[in-house]
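Reading the structure
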Amino acid sequence: MGKYNKVTAGILEELKGIVGAENITVDEKKLKDYSHDEVMDPHYIYMPEVVVFPETAEQIAQVVKLANRELIPLVPRGAGTGLSCGATPIYGGIVLTTDKLNKIIKVDADNLYIEAEAGVLTGDVQKAANDVGLYYPGDPCSGDSCFIGGNVATNAGGNKAVKYGTTRHQVYSMEVVTPTGEITVLGGRLAKCSTGYALEQLVIGSEGTLGIITKVTLKLAPQPPSVVDLLAIFPDIDSAIAAVTKVIKAGVKPTCVEFMDGRAIRCVEVYLKEKLPHSEDGNYLIIQVEAENDEELDDKAAKIDELCTENNAIEVLMPESEKIWKIRKSVAEAFRHESLVQSNEDAVVPLDQLPSAMKAMVGICEKHDAVARVVSHAGDGNIHLCIMPGTISAEQWEEKLAAIQDEIYAVIYPLGGRLSGEHGIGYKKKHLLGKYTDPVELDMMRAIKKALDPNLILNPGKLFDVQQ
Ligand SMILES: Cc1cc2nc3c(=O)[nH]c(=O)nc-3n(C[C@H](O)[C@H](O)[C@H](O)COP(=O)(O)OP(=O)(O)OC[C@H]3O[C@@H](n4cnc5c(N)ncnc54)[C@H](O)[C@@H]3O)c2cc1C
């Protein structure tokens, strides 16, 4: 990596001149809040030297130019809800937050799009669309706390990716500050485009390493007239997962197909302190479908009920949507309530490989005496495995976890899978990306990084290391 300099008193004065004295902090207590994302394991905590809160793309461009001139590492940050240490300042330097880029610029109901600054809460984008009778389908479980710019930077997935795709499928265009401090707009409000490289797609999911997103133009959809959530309960993981491909193939075009295993259900039950259906013997599939009218919706619900029942379901319920989603969205907190020491895997496999992948992942944890809790955006082959130490001692945990992860990805890659379906690589999974990625592909990524960020100042040390 590059050799970086420290933030001096002179640089702090220049930063104040750019963003204003009120938009900068070196207060030790405040800096601590920016020393990690949602991963709070002490191994992954790194203090920034200064945090800046710019209000415009022009200010950001000036900060980036200063960081280049002085060789100071610069870490873009959204709301800090990331799960891969992407926004953690591992080399110190400047953390640049988008908190103050928080305006919704325009909602165009006639032409189905919204323009928002990067620091707008994803939930507020959804609400602004709803207010004009439209729909923003990006729906990560962290929607109430993450920023839309963070979603674009990580290519966030979430619950509705089965039908609507991930964040990259919602983006028309975006304003970006490049790693050398130029401001540009990538992409366009176009239904199709074959005009050169799709650079907006390169920046989407680049986790703050190829540019700072300052503004996004996103597609909106018409509100689905009728929606229903079904809760199908299965006696074992295999029957539940086998039903996933059947539901997808049945032509009902589900919006969501989410899975929770029995142990995850019981963990949420303890956390919410309320009895959940079949918590003692069930594994859940939460299936949402949309339709043009109630009749079509009834037909789709009946078809799903039939398929799940044929596939061994104990019961197919139609509870209030709010109740189901409260259960699903409480998972992260419930797991944390069970154990603060944990590792969250985010493997993704082709849909037909989901049963083998899930079985292998759980089996590997059991073999090592680790506790495994599984939830999955099953409809898009994305498995969130929460691994907790259980009876493994604190001294043995790191070593065991590394062995478990190694064994897991040694199974996932030959199945055609990858390390991350939606959370990204960040700092936490960099060693695994290096181990499992084709060296030619890694070299292509490094070449792009070097070409766009010759001083290697933008979010250095994330995804992979690069030598100058
Ligand atoms: C309870 C919980 C549930 C979650 N559920 C989901 C889920 O369902 N689906 C999912 O995909 N994720 C989920 N996440 C993970 C997380 O919320 C997403 O990764 C989210 O997109 C991160 O957004 P953020 O604003 O918090 O970004 P941060 O955590 O601040 O940053 C994430 C990465 O993006 C970069 N970045 C942030 N903003 C910008 C910008 N403007 N320009 C350039 N780079 C930037 C950072 O450098 C970092 O690498 C969940 C997290 C939690 C805690």
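Our structure's up above, just so we're on the same page.
Remember, predicted model here, so these are calculated numbers, not experimental data.

1. Some words on the sheet that holds strand E8 (residues 171-177)
Here five strands make up an open sheet; going across it, the order is E5-E6-E10-E8-E9 and the pairing antiparallel. Unpaired on one side and paired on the other, strand E5 (104-108) and strand E9 (183-187) mark the two borders of the sheet. Strand-to-strand twist across the sheet, computed as the mean angle between neighbouring axes with direction ignored, equals 15 degrees. Along the sheet, helix H3 (residues 57-70) contacts E8, E9 and strand E10 (212-219); its crossing angle with E8, the most-contacted strand, is approximately 50 degrees. Helix H4 (residues 122-131) contacts E5, strand E6 (113-117) and E10 of the sheet and is inclined by roughly 35 degrees relative to E5.

2. Let's talk about the sheet that holds strand E13 (residues 256-260)
Here we have seven strands laid out as an open sheet, ordered E15-E12-E14-E13-E17-E18-E16, and antiparallel in their pairing. Both edges of this open sheet fall to strand E15 (315-317) and strand E16 (343-348), since each of them pairs with a single strand only. In this sheet, neighbouring strand axes are inclined to one another by 15 degrees on average, regardless of whether the strands run parallel or antiparallel. Pairing between strand E12 (residues 226-234) and strand E14 (residues 283-291): nine bridges, direction antiparallel. Across the sheet, the residue bridging to Ala-232 is Leu-285, located in E14. With respect to the sheet, helix H9 (residues 262-272) is in contact with E13, E14 and strand E17 (371-377), its orientation differing from that of E17 by roughly 95 degrees.

3. Some details on the site of the ligand
Near the ligand you find 36 residues, and of these Pro-76, Gly-78, Thr-81, Gly-82 and Ser-142 are the closest. Within the side chain of Thr-81, an N or O atom sits 2.6 Å from an oxygen atom of the ligand. Glu-422 places a side-chain nitrogen or oxygen 3.0 Å from a nitrogen atom of the ligand. Alone, the ligand offers 970 Å² of accessible surface; in the complex the protein occludes 94% of this. The element contributing the most residues to the shell around the ligand is helix H5 (residues 148-154), with five residues. Class assignment for the residues of the shell around the ligand results in 14 nonpolar, 18 polar and four charged.

4. Examining the layout of surface pockets
A volume near 820 Å³ is recorded for the second largest pocket. Looking at the second largest pocket, it is lined by 31 residues, and the ones nearest its centre are Arg-168, Gly-205, Glu-441, Met-445 and Leu-463. Residue assignment for the lining of the second largest pocket shows that the elements contributing at least two residues are helix H7 (199-203), helix H15 (430-436) and helix H16 (439-452). Looking at which element gives the most residues to the lining of the second largest pocket, the answer is H16, with five residues.

5. Digging into the side chain of Lys-300
Locating Lys-300 in the fold gives a position in helix H10 (residues 294-310). Look at Lys-300 and you get buried, because its relative accessible area is 13%. There is a polar contact of 3.3 Å between the side chain of Lys-300 and the backbone oxygen of Val-252.

6. Observations concerning a negative patch on the surface
Together, Asp-294, Glu-295, Asp-298 and Asp-299 line one region of the surface with negative charge. By the element assignment, Asp-299 lies in helix H10. Accessibility expressed as a relative area gives 52% for Asp-299, which makes it exposed.

7. Considering the pattern of salt bridges
Here the structure, examined in full by the defined rule, presents 25 salt bridges. A salt bridge links Glu-182 to Lys-65; the shortest N-O distance between them is 4.0 Å. In this pair, Glu-182 is assigned in the loop between E8 and E9 and Lys-65 in helix H3, connecting sequence segments 117 residues apart. Taken together, the salt bridges that share partners define one network made up of Glu-14, Arg-69 and Glu-70.

Criteria and thresholds
Residues numbered from 1 in each chain as written. Predicted model: local features only at pLDDT ≥ 70, side-chain atom pairs only at ≥ 80, totals over all residues. Heavy atoms only, no water. Pairing = 2+ DSSP bridges. Helix = DSSP H or I, 4+ residues; strand = E, 2+ residues; numbered from the N terminus. Axes fitted to C-alpha atoms, helices over the stretch in contact; angles between N-to-C directions. Contact = heavy atoms within 4.5 Å. Near = heavy atom within 4 Å. Polar contact = N/O pair within 3.5 Å; in protein donor to acceptor, adjacent residues only side chain to side chain. Areas by Shrake-Rupley, 256 points an atom, 1.4 Å probe, with all protein chains shown as cover. Nonpolar A, V, L, I, M, F, W, Y, C, P; charged D, E, K, R; others polar. 1 Å grid on protein atoms, 1.4 Å probe; cavity = no way out; pocket = protein on both sides within 12 Å on 5 of 7 lines; lining within 4 Å. Points joined across faces, edges and corners; volume = space filled by probe spheres on them. Buried < 20%, exposed > 50% of the residue type's maximum accessible area, 1.4 Å probe, protein only. Patch = residues over 30% accessible without salt bridge, like charges linked within 9 Å, V, L, I, M, F, W, Y side chains within 5 Å. Salt bridge = Lys/Arg side-chain N within 4 Å of Asp/Glu carboxyl O. Lys, Arg positive; Asp, Glu negative; His and termini not counted. Charge placed at Lys NZ, Arg CZ, Asp CG, Glu CD.

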